[in-house]
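Listed below, chain by chain, are the residues.
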Amino acid sequence: MEKARAAVTAGLPFERLLAGPRELLVKLHEAPGFAEWRAEKKPSRIIHGPMVGAVTDGGASIWLRLGGEIKNISAKASVPMMSRVHESTVAHATAENDFTVVLKLSDLSAGLPYQGNIYIDGELIDRESFGFTTYPASGDSSKFSVAFGGGAGFVPEWERMWDTIGNHQPSALLLLGDNVYIDDPTHSVTNHYCYSRRQSRPEWRKLISTTPVYSIYDDHDFGKNDCVPGPEIESPAWKRQVWNIFRQNWVNPSYGGGEANPGCWYDFSIGDVQFFMLDGRYYRDLKGGSMLGPVQKKWLLDGLSKSEATFKVIASPVPFTAKIKPGSKDPWDGYPEEREEIFSHIESNKIDGAFLIAADRHRTDLRKTSRPNGPAFYEFESSRLTNRHTHSVVKTEGLIWGYSEKCSFGLMEFDTTLEMPKVTFKCIDIDDQEHHSHVLNLSDTER
């Protein structure tokens, strides 16, 4: 109790003491005076969230973690000054799902700003609101921005990064791996602990309540450093457990191939821009030469062939660019044949508008990979959202610019309404200073 009071006085949100891992907090909760202290603090029944995600031109999902087993949780959302109120699906928070729920809103209109609230047994939880703007109609040209990055180690003084990102009001935040640092796949308690300390931060909660979040994992939030778990679904045995905990803590549109083929890959679109989010760990097989595994690779290649989007953004947890981590096989350098298969597929099928984004290296940089017959593949990499550890800029062939002085993120500003559609890449640091920018025109990617 003494240490808990000192922590809260120092700024720890009281809800952090309720979140978990709950089995480690039993003695605190049973300590003399804790019940009275909790009554005095009057914490919300919603411990984490709301987190907005899986936004489309006609729907959205809202993620929450509740303070215990609670039934009849729902959300309502409407457009200001419009009378229609949209009600979500109803969910129940149980211990089996770590007291998390996903509330789905549907039948919304494209391109409109919605404001919403959470209800328990029909009673408004007035402190926990959320908001989002639905995406443009599928296939429509538009102007919007998307922030992305990885490398979000928990450093309290740098949690203000989430405020910096929020100031730009992006249409989406893509987290490309190492979103929390766990490095202990065999113990679920460590996973729960690492997620809870991030989700309890007020800066994080403020951002995710109004900015749609899309995530994939990498080595530090799936296994251990540079892990190569192999191609089997159930081996090592911790794979499915880690995957299940990952699903409990995010609100993605889908998760790989579901129970039959677990993973974190999926795609989504904003207007006429399509994002392909890759899983670079679950099926990673160095001996077999595949990072993606056969099911995911077929999904990616088929999806790229069928896509009618103006820009196709391939989001990888590790960079495609050669020699970006000298001597290491952890990036795509360890899987050169599969990398070439993806690049050749794009070229032979004349798939215009494709470019790459990635995380893993603790800095922000822009590079291009030259090709013998056709335009280069551009790759925008950023992975030092809140990390202390920094990687210096590696001067590979094709380096356009790099930045590693402070925590930073990547911002992509799309404008497909122009006669020549474009995306502008920007490197922005934690203090909201822009360091580099580059305009990629659609013509730069035409095959």
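Throughout what follows, the structure given in this document is the object of discussion. (Residues numbered from 1 in each chain as written. Predicted model: local features only at pLDDT ≥ 70, side-chain atom pairs only at ≥ 80, totals over all residues. Heavy atoms only, no water.)

### Considerations on the overall build of the chain
Item 1. Tallying secondary structure elements over the chain gives eleven helices and 21 strands in all.
Item 2. Computed over C-alpha atoms, the radius of gyration of the chain comes to 22 Å, within 12% of the 22 Å expected from 2.2 N^0.38 for 447 residues, which places it in the range of a compact globule.
Item 3. Taking the principal axes of the C-alpha coordinates as reference, the chain spans close to 70 × 50 × 45 Å.
Item 4. Within the chain, the proportion of its 447 residues that are buried is 59%.
Item 5. On the chain, roughly 18,000 Å² of surface is accessible, and the fraction owed to carbon and sulfur atoms is 49%.
Item 6. Of the charged side chains in the chain, 50 are positive and 60 negative; the average position of the first set lies 3 Å away from that of the second. (Helix = DSSP H or I, 4+ residues; strand = E, 2+ residues; numbered from the N terminus. Rg over C-alpha atoms; globule rule 2.2 N^0.38 Å. Buried < 20%, exposed > 50% of the residue type's maximum accessible area, 1.4 Å probe, protein only. Areas by Shrake-Rupley, 256 points an atom, 1.4 Å probe, with all protein chains shown as cover. Lys, Arg positive; Asp, Glu negative; His and termini not counted. Charge placed at Lys NZ, Arg CZ, Asp CG, Glu CD.)

### Quick look at the nonpolar core
One broad trend across soluble globular proteins is that nonpolar side chains are buried collectively.
Item 1. Residues Leu-174, Phe-275, Met-412 and Phe-414 are the most contacted members of the largest nonpolar core, which totals 94 residues.
Item 2. Ignoring any residue separated from it by four or fewer positions in sequence, one finds Phe-275 in contact with Phe-144, Val-146, Leu-174, Tyr-266, Asp-267, Phe-268, Ile-270, Val-313, Met-412 and Phe-414.
Item 3. One finds Leu-300, Phe-320, Tyr-335 and Phe-343 within the second-largest nonpolar core, a separate group that totals 19 residues. (Core = buried A, V, L, I, M, F, W, Y, C linked by side-chain atoms within 4.5 Å. Contact = heavy atoms within 4.5 Å.)

### Observations regarding the packing of aromatic side chains
Item 1. Across all of its chains, the model carries 31 aromatic pairs by this definition.
Item 2. Taking the centre distance of 4.6 Å and the plane angle of 5° together, the rings of Phe-320 and Trp-332 count as stacked. Of this pair, Phe-320 sits in the loop between strand E14 (311–316) and helix H11 (336–348) while Trp-332 sits in the loop between E14 and H11; the two residues are twelve residues apart in sequence, bridging distant segments of the chain.
Item 3. Classification of Phe-320 by relative accessible area gives buried; the value is 1%.
Item 4. Exposure remark for Trp-332: the relative accessible area of 0% places this residue in the buried category.
Item 5. Joined through ring pairs, the aromatic side chains of Trp-162, Tyr-195, Trp-204, Tyr-217, Phe-222, Trp-238, Phe-246, Trp-250, Tyr-255, Trp-265, Tyr-282 and Tyr-283 make up one cluster.
Item 6. The positively charged end of Lys-239 is found above the aromatic ring belonging to Tyr-283, 5.9 Å away from the centroid. (Phe/Tyr/Trp six-rings, centres within 6.5 Å; stacked < 30°, edge-to-face > 60°. Lys NZ or Arg CZ within 6 Å of the ring centre and 35° of its normal.)

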